[in-house]
Amino acid sequence: MKREKFELIPAIDLMDGKCVRLTQGDYSRKTIYNEDPLEMALQMEAVGIRRLHLVDLDGAKNGKPLNLIVLEQIAKATRLKIDFGGGIKTDEDIENVYNAGAALATIGSVAVKNPTLFDQWLHKYGAEKIFLGVDVKDECVAISGWQEQTTISAFEFIGGKLQKGVDTVFCTDISKDGLLQGPSFDLYEKMLSVFPNLKLVASGGIATIENVIELKEIGCSGVIIGKAIYEGRIGWKELEKLNLELC
């Protein structure tokens, strides 16, 4: 199936208003990369990036968005198309996220724990305003900032959401995240084989430009890149060149 476009989506993970990264979702394995997330976002925009994956780790842990001020700052100072997630659980939460400047609300746990509410949001706002995150461990869904493992098959879960109107999913293999050892190519190929019409954004483990190119070649619609940028595995000039070539 021909993909219309491929999106490079750098990630900024927020904790205490700072730009951090966790390893395998472990809050005790935190590295602070920048005290100023806005500075990081501006640097991304300067090399041609148009999308941003903004994750409120405090919100994910506490069950309510806590870094909306940072979202608002970035949305006002850049033209980045931002998806924002972490702790969105109520109608008020999702409205606050959109009002603060997010183009999409990133939803994970609610889609599992409260599917009726998720379906209502999907109907109210449309699939183009919802970025469904499916965090996976051993092909089962994990929720609540990866702190809670379920026995729900990721494939059954995605299949059910596609029937409800979802068309784009980003999938993170927790076992790969933050390790810079490469993404779960086999998992993504399997998903695209089972769901050929799915717009699948890969997340977790991306370490090199070659990883990104391979993900595009197997049919992914985009990739979320985090630690590889912060650790200098993919430099700013390389990111700019890659963005021009692939997107």
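Residues numbered from 1 in each chain as written. Predicted model: local features only at pLDDT ≥ 70, side-chain atom pairs only at ≥ 80, totals over all residues. Heavy atoms only, no water.

Peer 1: Tell me about the overall build of the protein, and please be specific about residues and values.
Peer 2: Check the secondary structure of the protein and you find 11 helices and 12 strands. What you see for the protein is a C-alpha radius of gyration of 16 Å, in line with the 18 Å of a compact globule of 247 residues. In terms of principal-axis extent, the alpha carbons of the protein reach across some 40 × 40 × 35 Å. Per-residue burial for the protein yields a buried fraction of 55% across its 247 residues. The long-range share in the protein, meaning contacts at least 24 apart out of those at least 6 apart in sequence, stands at 66%. A total of about 11100 Å² of accessible surface is found on the protein, and carbon and sulfur atoms cover 47% of it. One way to put it: in the protein the 29 positive side-chain charges average out to a point 2 Å from where the 36 negative ones average out. (Helix = DSSP H or I, 4+ residues; strand = E, 2+ residues; numbered from the N terminus. Rg over C-alpha atoms; globule rule 2.2 N^0.38 Å. Buried < 20%, exposed > 50% of the residue type's maximum accessible area, 1.4 Å probe, protein only. Contact = heavy atoms within 4.5 Å. Areas by Shrake-Rupley, 256 points an atom, 1.4 Å probe, with all protein chains shown as cover. Lys, Arg positive; Asp, Glu negative; His and termini not counted. Charge placed at Lys NZ, Arg CZ, Asp CG, Glu CD.)

Peer 1: Let's hear about the nonpolar core: which residues, and what values?
Peer 2: With 72 residues, the main nonpolar core has Ile12, Ile107 and Ile225 as its most contacted residues. The contact partners of Ile107, leaving out residues within four places of it in the chain, are Ile88, Ile94, Phe118, Trp121, Ile130, Phe131, Leu132 and Gly133. (Core = buried A, V, L, I, M, F, W, Y, C linked by side-chain atoms within 4.5 Å.)

Peer 1: Which residues make up the pattern of salt bridges, and what are the values?
Peer 2: If the charged atoms of two oppositely charged side chains come close together, the side chains can form a pair. Scanning the entire structure with this criterion turns up 10 salt bridges. Among the salt bridges present, the one from Glu7 reaches Lys5, with a minimum N-O distance of 3.8 Å. Residue Glu95 pairs with Lys124 through a salt bridge whose shortest N-O separation is 3.6 Å. Within this pair, whereas Glu95 is found in helix α4 (residues 91-99), its partner Lys124 is found in helix α6 (residues 115-125), the two being separated by 29 residues in sequence. In this structure Glu95 comes out as partly exposed when scored by relative accessible area, which is 27%. You can call Lys124 exposed: its relative accessible area is 56%. (Salt bridge = Lys/Arg side-chain N within 4 Å of Asp/Glu carboxyl O.)

Peer 1: Give me the pairing of strand β12 (residues 222-225): which residues, what numbers.
Peer 2: Taking every second residue as pointing to the same face, both faces of β12 are buried, with Gly222 and Ile224 on one and Val223 and Ile225 on the other. Bridge analysis of strand β1 (residues 7-15) against β12 gives 4 bridges, and the strand direction is parallel. From the neighbouring strand, Leu8 faces β12, where its bridge partner is Val223. Taken together, the 3 bridges between strand β11 (residues 199-203) and β12 define a ladder with parallel strand orientation. Each residue of the ladder has a partner; that of Ala202, found in β12, is Val223. (Pairing = 2+ DSSP bridges.)

Peer 1: Tell me what's going on with unusual backbone geometry, and back it up with residues and numbers.
Peer 2: You will see that Asp138, though not glycine, has its phi angle at about 55°, which is positive. Within the secondary structure, Asp138 is located in the loop between β7 (130-137) and β8 (140-143). For Glu139, which is not glycine, the phi dihedral falls at a positive 65°. Here Glu139 is to be found in the loop between β7 and β8. Taking the relative accessible area as the measure of exposure, Glu139 reaches 33% and is therefore partly exposed.

Peer 1: Which residues make up the packing of aromatic side chains, and what values go with them?
Peer 2: Overall, the coordinates contain 4 aromatic pairs when judged by the stated rule. Sitting over the face of the ring of Phe131, Arg51 holds its NZ or CZ atom 5.2 Å from the ring centroid. In this arrangement the basic side chain of Lys129 is found over the ring face of Tyr98, its NZ or CZ atom lying 4.3 Å from the centre. (Phe/Tyr/Trp six-rings, centres within 6.5 Å; stacked < 30°, edge-to-face > 60°. Lys NZ or Arg CZ within 6 Å of the ring centre and 35° of its normal.)

Peer 1: Which residues make up the side chain of Thr150, and what are the values?
Peer 2: As for its placement among the helices and strands, Thr150 is situated in strand β9 (residues 148-153). For Thr150, the side chain forms a polar contact with the main-chain oxygen of Val141, separated by 2.6 Å. Reaching out from Thr150, the side chain makes a polar contact with the backbone nitrogen of Ile152 at a distance of 3.1 Å. Once residues lying within four places of it in the same chain are set aside, the contact partners of Thr150 are Cys140, Val141 and Ile143. (Polar contact = N/O pair within 3.5 Å; in protein donor to acceptor, adjacent residues only side chain to side chain.)

Peer 1: Give a description of the state of the cysteines that names residues and reports values.
Peer 2: This model, assessed by the stated rule, comprises 0 disulfides. Free of any disulfide, Cys220 has its nearest neighbouring cysteine sulfur in Cys171, separated by 9.2 Å. When its relative accessible area of 1% is taken as the criterion, Cys220 is described as buried. (Disulfide = S-S within 2.5 Å.)

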